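Each chain, letter by letter, is given below.
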Amino acid sequence: MTALPDWLVERAALDEVPPASRDRIAGADPRALADQVAALRDDNAAELARHPAGPAVAQLEARIAAEAQRRAGQRRRRHLGWLGLATSVAAVLVVTRLGAERTVIDDPERGVVARGDGTRVKGAPRLVAFRQAGEQIEQLEPDTVVRAGDVIQLRYNAGGRGYGVIASLDGAGVVTLHFPLSEDAPPQATAVPPDTATLPHAYALDDAPRFERFFFITANDPVDVQQTLAALRAFARREDSATAALELPTGLHQRSLRLRKPDPTSTHHESP
Amino acid sequence: VPVDSHTYYATYAPMVLRRCRKLLGDDQTARDAMHDVFVQVLSHAHELADQAPSSLLFRIATNVCLNRIRTRRRRPEDGDPELLVAIAEHTDPAARSAARAALDRLFRHEPDDTAVIAILHLHDKMTLEEVAAEVGMSVSGVRKRLQKLRTKLHALETQP
């Protein structure tokens, strides 16, 4: 029996052995092949744990969208500009639909994530914030007091829904997109991994006052990133944006996690 | 039915990464190449439903890596480095990248790339029959391509 080349072991691991290679597989040492296949599958799992598919696909989709946009721009400049017109019409239609279907879904204050994060749970999207405090990593409860410079890392689980957008709103009314990575990302880029995942980047809080509120918008279908951000930015102008529920189109669900900034009139820094 | 990007990536990305790592050596370069592969493939996701994923991705990954070797003169980690570099540097000097050419071939029914055939047979130790199945050619067609390449390589080796 001869050793199989790497590529053929890969095909065996994927159950995609081509007909022309079946004799080689049949002639291989079954135990050695099983060990090789198991090793590849372990390597697959480790690779996807280190680099989850969700953020990676989001990056890929953003690149594809950017490339498509660049090509479309070239065509537009070369030809008649019809694509821009079609996009505008589509945008008007989406905005109209958004306005017609406004519905308040979940109570945001029920959306705070439980402890024990790390296993797949269907039905309840979860969003967890962690703060690096020296050498320690601290999970942040709702309304924990956080300060400018604190480094926050988010973990999330869409609870069985296939798509999601994560963004935050601060007390200065600034909305920041965390997932997908680009505000230009197409709806397909909102695909989320089936299990709990960590955002690829932690970030430091700025000195915005009062609060930092994270929203995890989930859906069974791809989410329109631009429309979601537009809804959040409109929401940010409301006086009650720290506590109210975000109004979303039917089919979108929300979870939110609010962290508080210290009261500038207070002399101590305890959590409320 | 169009492929699901997430499932497609989760299923095949590790395999593609290992392929790129084997040809390019450096992990970060391999990771970049792997992303290039998926950008190219997923750009045509609506056309991929009937394609054999691992075979297609393996071939496109080979093309992307060959293109990077041509561009950066990187040396592969193992296999037959001299052969790889020779193939990469002396085949397909067309203006368009080899990777894009591979997709063009795939989707526009253009002829297969001799460099990929050479890598599959000489580096990956595929039989002529396996190469033929991989690239969708006849065994005799593959044999002719390899004979032509061997002649060309031999001529290059004997040049002063």
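Residues numbered from 1 in each chain as written. Chains lettered and ligands numbered in written order. Predicted model: local features only at pLDDT ≥ 70, side-chain atom pairs only at ≥ 80, totals over all residues. Heavy atoms only, no water.

## Considering the interface of chain B and chain A
Next up, step 1: With 31 residues of chain B in contact, the opposing surface of chain A contributes 31 residues.
Next up, step 2: A salt bridge links R31 of chain B to E47 of chain A; the shortest N-O distance between them is 2.7 Å.
Next up, step 3: Where chain B packs against chain A, one counts 15 residue pairs in polar contact (both at pLDDT 80 or more).
Next up, step 4: Of all the elements in the fold, those that place two or more residues in the side of chain B that touches chain A are helix 1 (5-24), helix 2 (27-42), helix 3 (53-72) and helix 7 (128-135) of chain B.
Next up, step 5: When residues of the side of chain B that touches chain A are assigned to their parent elements, the largest contribution, 11 residues, is made by helix 1 of chain B. (Contact = heavy atoms within 4.5 Å. Salt bridge = Lys/Arg side-chain N within 4 Å of Asp/Glu carboxyl O. Polar contact = N/O pair within 3.5 Å; in protein donor to acceptor, adjacent residues only side chain to side chain. Helix = DSSP H or I, 4+ residues; strand = E, 2+ residues; numbered from the N terminus.)

## Observations regarding the pattern of salt bridges
Next up, step 1: For the structure shown, the criterion picks out 16 salt bridges over all chains.
Next up, step 2: R18 of chain B is paired through a salt bridge with D43 of chain A; the nearest N and O atoms lie 2.7 Å apart. Residue R18 of chain B is found in helix 1, and its partner D43 of chain A is found in helix 3 (residues 30-50); the two belong to separate chains.
Next up, step 3: For D43 of chain A, a relative accessible area of 30% translates into the label partly exposed.
Next up, step 4: One network of salt bridges, in which partners are shared, links E47 and R50 of chain A together with R21, D27 and R31 of chain B. (Buried < 20%, exposed > 50% of the residue type's maximum accessible area, 1.4 Å probe, protein only.)

## Focus on the environment of L259 of chain A
Residue and element names in this part refer to chain A.
Next up, step 1: Tracing the backbone through its elements, the reader meets L259 in strand 11 (residues 253-260).
Next up, step 2: For L259, a relative accessible area of 0% translates into the label buried.
Next up, step 3: For L259 and D143, which are 116 residues apart along the polypeptide, the C-alpha to C-alpha distance reads 4.4 Å.
Next up, step 4: Among residues more than four places away in sequence, those in contact with L259 are A129, L140, E141, D143, T144, V146, R210, F211, E212 and F214.

Note that every value here comes from positions in space, so none of it alone points to a role or purpose.
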